[in-house]
Amino acid sequence: MVKKYIVAGNWKLYIERAEEAKKIAAVLKRKVKLFPGVDMVLFPPAPLLPAVAQVLGKTSVALGAQTISVFSGGAHTGDVSGAVVKDLGASWVLVGHSERRAAGETNDMVCAQVRAAKNAGLHVMLCVGEKEKDHGGAHFSDIALQLSSALNGFSNPPAGGRTRIAIAYEPVWAIGKTAAEAMQPGELEEMVIFIRKTLTDILDRTAALRVPILYGGSVDGSNARQLLREGGVSGFLVGRASTDIDAFTEILNVCKK
Ligand code: 13P
């Protein structure tokens, strides 16, 4: 069903200097051919996009922004729109990351960002995830709500036109921990099936089957293989380990064809 894996690096605010960003990008540019079958996407802090884009040049490594404004143009001091990040070299945007939701982004704002991304011609990596580990299963309804509200009004099928959509399932309790505390592959597989089913309720079935579902939350070289094989995901959204070349390379190696 999924031809290629996506391995995305969310640099968050771990990388704050253009020199450091350029160094990582230069190494990945040299190595990208070693990972056939992998679509690599890097999400640096927005002001570092031009520096990274310049280093990457015409490689297949794609760039994305970590968020965008719900607005497009106008009197919105401090906002950065989809058009701006696109102009700086981004083709993707992360929407609804839990760290943005924790800073006050609501489901409605996430939905507005999805629309703004689409209008700007950016591919959307929609992040969903429950806050607490819930053995009773109540978190499934949180995920369903996050998906349905974010994709409310999204044209059907979503892959139509130029906008692609990928889901990054990132349980908040598993973010920024150790690999041992990440989600177990069996639990992940169950969630991936649930997300797929929910997507088929929201979108055209063919389109829903095409949406890549990634996992994020304490992925590194030690757990990536099992999560990929047994979790049923189409790749990873990697935080901290994506800023460490060796750790990121290990994950890319696991995902190559
Ligand atoms: P970590 O890989 O650092 O746990 O972060 C995951 C994440 O939030 C990626 O968006």
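In short, a report on the structure.

What counts and what doesn't
Residues numbered from 1 in each chain as written. Predicted model: local features only at pLDDT ≥ 70, side-chain atom pairs only at ≥ 80, totals over all residues. Heavy atoms only, no water. Salt bridge = Lys/Arg side-chain N within 4 Å of Asp/Glu carboxyl O. Helix = DSSP H or I, 4+ residues; strand = E, 2+ residues; numbered from the N terminus. Buried < 20%, exposed > 50% of the residue type's maximum accessible area, 1.4 Å probe, protein only. Core = buried A, V, L, I, M, F, W, Y, C linked by side-chain atoms within 4.5 Å. Contact = heavy atoms within 4.5 Å. Pairing = 2+ DSSP bridges. Right-handed = clockwise from strand over helix to strand, strands pointing away.

**Concerning the pattern of salt bridges**
Enumeration according to the criterion identifies five salt bridges in this entry. Between Lys-4 and Asp-39 there is a salt bridge, and its shortest N-O distance comes to 3.0 Å. In this pair, Lys-4 is assigned in the segment before β1 (5-10) and Asp-39 in strand β2 (residues 38-43), connecting sequence segments 35 residues apart. Judged by relative accessible area, Lys-4 falls into the partly exposed class, the value being 39%. Its salt-bridge partner being Lys-197, residue Asp-201 comes within 2.9 Å of it at the nearest N-O pair. Within this pair, Asp-201 and its partner Lys-197 are both found in helix α7 (residues 185-202), separated by four residues, close to a single helical turn.

**Considerations on the nonpolar core**
Core analysis: the biggest nonpolar cluster contains 73 residues, and Leu-126, Leu-199, Tyr-215 and Phe-236 have the highest contact counts within it. Per-element accounting of this core gives the leading share, seven residues, to helix α10 (residues 245-255). Those residues in contact with Leu-126, other than ones at most four positions away along the chain, are Val-95, Val-110, Val-114, Leu-147, Ala-150, Leu-151, Ala-166, Ile-167 and Ala-168. The next biggest cluster of nonpolar side chains, apart from the first, holds 13 residues, and it includes Ala-8, Val-41, Ala-166 and Leu-214.

**Some details on the pairing of β1**
Buried residues dominate β1, accounting for five of its six residues. Sheet topology places β1 next to β2; six bridges connect them, and they run parallel. Bridging across to β2, Tyr-5 finds its partner in Val-38. Remark: the β1/helix α1 (residues 18-31)/β2 crossover connection has right-handed handedness. With four bridges connecting them, β1 and strand β8 (residues 235-238) associate as parallel partners. Bridge pairing links Val-7 to Phe-236 in β8.

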